[in-house]
Amino acid sequence: MNHTEMINKTEIWVKEQLFDEKSGHDWYHIKRVTNQAIVLANKEQADLFIVTMASLLHDIADDKLIENEEKALNSIKEWLDSIQVTPEEQALIFDIIQSISFKAGNGQLLRTIEAKVVQDADRLDAIGAIGIARAFTYSGQKGQAMYDPTIAVRDNMTLEEYRNGKSSAVHHFYEKLFKLKDLMNTESAKEEAEKRHLFMEEFLEQFYREWEGV
Ligand code: ADP
Ligand code: NI
């Protein structure tokens, strides 16, 4: 099987598993991240096969989506074996999907340009117009308010607080979204992040104006 066939088959496999996902990690999130990662990979001269495969698989073993991370990692391993991805390529792919997740405060050093590109693409999808829409979608799904002025903005959260503490969609801008611009690894992603950051600032200014009724 050549690389293109492996990618096509993996797309179908991932799509099947994420079809009903409602927390912002649906198939279209994966598709956007993969497309964005390919654009960045071309600019940064990263390996396109590794970047594409890691992007497609990056949320399959996420702690919010599945109860058992080890089980999910095993199922990815079985999948990659079944389409004959080499052990060397698998090692690179696993290194990426295990090191890129945001998880409050657990910033890991990324070893490869491929990991940097996939993380940047995932983070770009959390900001800008799409990022705003995802934050409100996530909040709605969790039963959080779109905005609650009585809640303080949380800094330096533990993973438990990050996942389960009281928050709102607007609070999430300060707790995560506005921080992402400075966390981009590659120059190409930094440029795009600047634009999306400005858009979010404008959005919130308008939001507060309307909140106050002026
Ligand atoms: P990632 O895709 O980097 O793993 P998360 O899984 O933490 O990000 O979140 C998925 C989407 O939901 C992202 O767009 C993120 O900004 C948003 N989100 C996560 N936590 C919250 C929250 N407490 N309130 C609002 N939106 C959230
Ligand atoms: Ni993601």
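Up top is the structure.
Residues numbered from 1 in each chain as written. Chains lettered and ligands numbered in written order. Predicted model: local features only at pLDDT ≥ 70, side-chain atom pairs only at ≥ 80, totals over all residues. Heavy atoms only, no water.

(A) Structural context of the coordination of the nickel ion (ligand 2). Listed as protein donors to the nickel ion (ligand 2) are His29 (NE2), His58 (NE2), Asp59 (OD) and Asp122 (OD); their distances from the metal cover 2.1 to 2.4 Å. Given 4 donor atoms and angles of 82 to 170° at the metal, the environment of the nickel ion (ligand 2) is assigned as irregular. Mapped onto the sequence, the residues coordinating the nickel ion (ligand 2) show the spacing H-x28-H-D-x62-D. Linking His29 in helix 2 (residues 27-44) with Asp122 in helix 6 (residues 113-124), this pair joins segments that are 93 residues apart in sequence. Side by side, His29 and Asp122 carry an identical accessibility label, which is buried. (Donors = N, O, S within 2.8 Å, 3.2 Å for Na, K, Ca; no water. Tetrahedral: all angles 85-135°; square planar, octahedral: opposite > 155°, others 65-115°. Helix = DSSP H or I, 4+ residues; strand = E, 2+ residues; numbered from the N terminus. Buried < 20%, exposed > 50% of the residue type's maximum accessible area, 1.4 Å probe, protein only.)

(B) Structural context of the packing of helix 4 (residues 69-82) against helix 5 (residues 87-99). The geometry of helix 4 relative to helix 5 is characterised by a closest axis approach of 11 Å and an angle of 150° between their N-to-C directions. Considering their axes alone, helix 4 and helix 5 lie roughly antiparallel with respect to each other. Crossing angle aside, the handedness with which helix 4 passes helix 5 is right-handed. Between helix 4, through Leu73, Ile76, Lys77, Leu80 and Asp81, and helix 5, the contact on the second element is made entirely by Gln90, Ile93, Phe94, Ile97 and Gln98. (Axes fitted to C-alpha atoms, helices over the stretch in contact; angles between N-to-C directions. Parallel < 35°, antiparallel > 145°, perpendicular 65-115°, else oblique. Left-handed = near helix turned anticlockwise from the far one by under 90°. Contact = heavy atoms within 4.5 Å.)

(C) Expanded view of helix 9 (residues 169-180). For helix 9, built from 12 residues, the straight-helix expectation of 16 Å at 1.5 Å per residue is met to within 8% by its first-to-last C-alpha distance of 16 Å. Across the 12 residues that make up helix 9, a large majority, 10, are buried. Looking at helix 9, one finds that the buried residues are Ala169, Val170, His171, His172, Phe173, Glu175, Lys176, Leu177, Phe178 and Leu180. (Expected span 1.5 Å × (residues − 1).)

(D) How the structure looks around the packing of aromatic side chains. Counted by the stated rule, this structure contains 13 aromatic pairs. With centroids separated by 5.8 Å and ring planes inclined at 65°, the aromatic side chains of Phe173 and Phe178 adopt a geometry described as edge-to-face. For the pair Phe173 and Phe178, a shared accessibility class is recorded, and that class is buried. For the pair Phe173 and Phe203, a centre-to-centre distance of 6.1 Å together with 10° between the ring planes defines the contact as stacked. With Phe173 in helix 9 and Phe203 in helix 10 (residues 187-212), the pair connects residues that are 30 residues apart, well separated along the chain. On the basis of relative accessible area, Phe173 is assigned to the buried category, the value being 0%. Among the aromatic residues, those joined into a cluster by ring pairs are Phe136, Tyr147, Phe173, Tyr174, Phe178, Phe203, Phe207, Tyr208 and Trp211. (Phe/Tyr/Trp six-rings, centres within 6.5 Å; stacked < 30°, edge-to-face > 60°.)

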